[in-house]
Amino acid sequence: MSSQALLDVERLSVAYPGRDRPFRTVDDVSFRVAPGEALGIVGESGCGKSQTMLAVLRLLPSPVADISGAIRFGGDDLAGIPAKRMRAVRGSGIGLVSQDALSALNPAMTIGAQMAEPLVRYDGMRRRAALERCAELLDLVGLPGARQRLGSYPHELSGGMRQRVLIAMAISRNPKVLIADEPTTALDVTIQAQVLGLIDRLRRELGMALILISHDLGVVAGITDRIAVMYAGRIVETASTTDLFDRPRHPYTRALLASMPRMDEELRERLRPIPGLPPDLEQPPPGCAYHPRCLLARAGCEQSMPQLVRIGAGGAPDHRVRCPVVLEETP
Amino acid sequence: MLTFTVRRALQMIPVAFGVTLATFLLGQIIPGDQAAALLGPSSSEQERQALREEMGLNEPVLTQYVTYLGNLFTGDLGRSLSFGRPVMSVLAERIANTVLLSGTAIVVAALLGVAIGTWAAMKPGSVRDRGLTVGVLFFNSIPSFWFGLVLIMTFSLGLRLLPATGMTSIGGGGVVDVVAHMVLPVITLAAWSLAVIARMTRSAVLEVIGNDYVRTARSRGVGEMRVVVRHVLPNALPSVVTVIGLQAGFLLSGAVLTETVFSWPGIGLALYQAISTRDIPLIQGGILLIAIGFVLINFLVDTLQAYFNPKIKLA
Ligand SMILES: Nc1ncnc2c1ncn2[C@@H]1O[C@H](COP(=O)(O)OP(=O)(O)O)[C@@H](O)[C@H]1O
Ligand code: SF4
Ligand SMILES: [Mg+2]
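The following refers to the structure shown.

Rules behind the numbers
Residues numbered from 1 in each chain as written. Chains lettered and ligands numbered in written order. Predicted model: local features only at pLDDT ≥ 70, side-chain atom pairs only at ≥ 80, totals over all residues. Heavy atoms only, no water. Near = heavy atom within 4 Å. Polar contact = N/O pair within 3.5 Å; in protein donor to acceptor, adjacent residues only side chain to side chain. Areas by Shrake-Rupley, 256 points an atom, 1.4 Å probe, with all protein chains shown as cover. Axes fitted to C-alpha atoms, helices over the stretch in contact; angles between N-to-C directions. Helix = DSSP H or I, 4+ residues; strand = E, 2+ residues; numbered from the N terminus. Parallel < 35°, antiparallel > 145°, perpendicular 65-115°, else oblique. Left-handed = near helix turned anticlockwise from the far one by under 90°. Nonpolar A, V, L, I, M, F, W, Y, C, P; charged D, E, K, R; others polar. Contact = heavy atoms within 4.5 Å. Salt bridge = Lys/Arg side-chain N within 4 Å of Asp/Glu carboxyl O. Buried < 20%, exposed > 50% of the residue type's maximum accessible area, 1.4 Å probe, protein only. Pairing = 2+ DSSP bridges.

## What to know about the site of ligand 1
All names here are of chain A. Taken together, Tyr16, Phe23, Thr25, Ser45, Gly46, Cys47, Gly48, Lys49, Ser50, Gln51 and Leu281 form the complete shell of residues around ligand 1. Note that an oxygen atom of ligand 1 is positioned 2.7 Å from one of the backbone N or O atoms of glycine 46. Contact between ligand 1 and lysine 49: an oxygen atom at 2.8 Å from a main-chain N or O atom of the residue. Taken by itself ligand 1 offers 570 Å² of open surface, and the protein chains cover 64% of this.

## Thoughts on the packing of helix α1 (residues 2–29) of chain B against helix α12 (residues 280–308) of chain B
Residue and element names in this part refer to chain B. Where α1 contacts α12, the axes come no closer than 10 Å and their chain directions differ by 160°. Accordingly, the angle class assigned to the pair α1 and α12 is roughly antiparallel. α1 and α12 meet at a crossing whose hand is right-handed. A per-class count over the contact of α1 with α12 returns 17 nonpolar, 7 polar and 2 charged.

## Observations concerning the side chain of threonine 20 of chain B
All names here are of chain B. Turning to its location among the elements, threonine 20 is positioned in helix α1. One polar contact links threonine 20 to tyrosine 65, side chain to side chain, over a distance of 2.9 Å. Once residues within four sequence positions are removed from consideration, threonine 20 is found in contact with Tyr65, Tyr68, Leu69, Leu72 and Leu288.

## Points about the pattern of salt bridges
All names here are of chain A. Scanning the entire structure with this criterion turns up 25 salt bridges over all chains. A salt bridge links aspartate 200 to arginine 204; the shortest N-O distance between them is 3.4 Å. Placement of the pair is aspartate 200 and arginine 204 together in helix α7 (residues 189–206), with a separation of 4 residues, close to one helical turn. On the basis of relative accessibility, which here comes to 14%, the residue aspartate 200 falls in the buried class. Note on arginine 204: relative accessible area 55%, which makes it exposed. Taking the shortest distance from any N to any O, the salt bridge between aspartate 318 and arginine 320 comes out at 2.8 Å. Residue class for aspartate 318 comes out partly exposed when judged on its relative accessible area of 25%. Residues joined in a network through salt bridges with shared partners are Asp8, Glu10, Arg32 and Arg72.

## Topic: the sheet that holds strand β4 (residues 66–73) of chain A
Residue and element names in this part refer to chain A. Across the sheet, 4 strands lie side by side as β2-β1-β4-β5; this open sheet has antiparallel pairing. The sheet is open, and its two edges are formed by β2 (23–33) and β5 (76–77), each paired on a single side. Bridging between strand β1 (residues 7–16) and β2 involves 7 bridges; their strand directions are antiparallel. Considered in β2, the bridge of leucine 12 is made with valine 29. Those strands touched by helix α1 (residues 49–56) are β1, β2 and β4, and its axis lies near 110° from that of β1.

Below is the structure:
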């Protein structure tokens, strides 16, 4: 693992005013991504994955959302730079693929027009050259009949095709980091695999770092180097992908793994969803937010919020977990 | 797009017939004897009867309607009693004035309304946004003729900056003179619609600006001004266009009051005079013209609407 981080997010929090008192959708989240590295962020829907990424890109509704922490990228702290410099980072430094490809494309503009827009406006390309590049990009993401698609409107494409267009748009300005926020959630299973394969291929070919967000551990398993598991706005465990799958420590991570569908018949029998619901972030439970659902919970768990601590000094690189109970186990 | 436009244009035909039927029936319903009104109080019953016969007023209603339609097609709207001239010629010399006044007013209301509404929506909850809400409430609660009178008292009688009545000064003319005469009536006429359009634009922009594709544009580095102009407005305008269309029609009827307050020589003022003198043919003609204006505006709005919607545009 390269020690030089490309994107270094430290103690990021996002707070909203809330009805009675402020609450956090992202709480003390830190992670780093090295050039070319792939990080997965996993957690149930509503745990703050998208909020984290939108905070990094400063796309949250301001001034309602109050962001604190450091977001270091390319020698800058994105949290503090002027809006104009931030705009230059978006698209050309960090690209975003959002989750619903239908609503993420402008229905009133042709694919070509929306793809080419920043290339012409900000990268000094001639319109024709920009469209040429867009056609190449659509080719690269495997869109059939790429050139003709430039004149199509989003509603004329299928879900899978739209997601490919969105990916092509996100990489059109050569970002160093690509954030893919649940890029396959809205797609059929077979198309899902294709789109994931595409993202993995593009990352390797273009040498981008990748942050892949999903509620499904299975989605990030094959193509990430590291994984961070989020629960109720916090990272509860982070480890290399192999380590996390081989030696999951946090009870929530284990529950996520147990709920993963597998091909193995024997395991399928044991497959079970996590009982209970994720907490309402406006009124999180006291102490460890997972305690109402945790099988290992004990008396102290609802009293104080555990810290994210490093474990397994011998061997595994940087494996951290936010649960004192499992730390006492002998691995 | 072309088939849509043609289909929509054809739909105007039955509506236009409906409108002629309505104005025709209006003539039937309004009490009063046209022959007596034309011939004056000293005419004998015999003379009146002869005129009724000549005008076809004794025919069955259906025959009268067919005759009325036939006359319409040849541009004959009857004779105005108060002007002593064909209704067509009275309206013809005034229509341009009304179109000038209401056209300017709707353009001003639309441009300013969209600009102000967008500007406020870009910072919801800000001082300017709250200012808009108050302004809208104000302009939508004052009656337009009262507002016109206040403007006249302030800018014409008080400050003596602008003329209050007519379209040109005596012995005047020229573009500058006409523009000076237009300022107050245009403001009066536009104020209400401007407020409505600004409010609609604000809510339409607020609705669109939260969409994922707006975030997509921002996430690719597109600047805020361009995001609004290129991504938000084209998607917000269809609902605004509908309101502008409604306001244009509304404004056309509002012109009657405004033209009267400012003695602006348009259809509205003629209609006002016609109503006060029971000049039925002129009332019918004026209303018919305004109604046809409504129909045309609606057609225009629907066509524009389709233009903004790629799903129809392609068809
Ligand atoms: N503008 C907002 N104001 C208040 N709460 C919000 C806002 N946007 C999102 N949230 C809350 O933040 C939480 C996390 O959302 P999100 O990051 O989208 O979850 P996910 O992990 O599924 O991507 C959700 O509970 C959501 O209700
Ligand atoms: S701290 Fe307690 S409740 Fe939280 S995960 Fe660990 S055991 Fe479960
Ligand atoms: Mg999400």
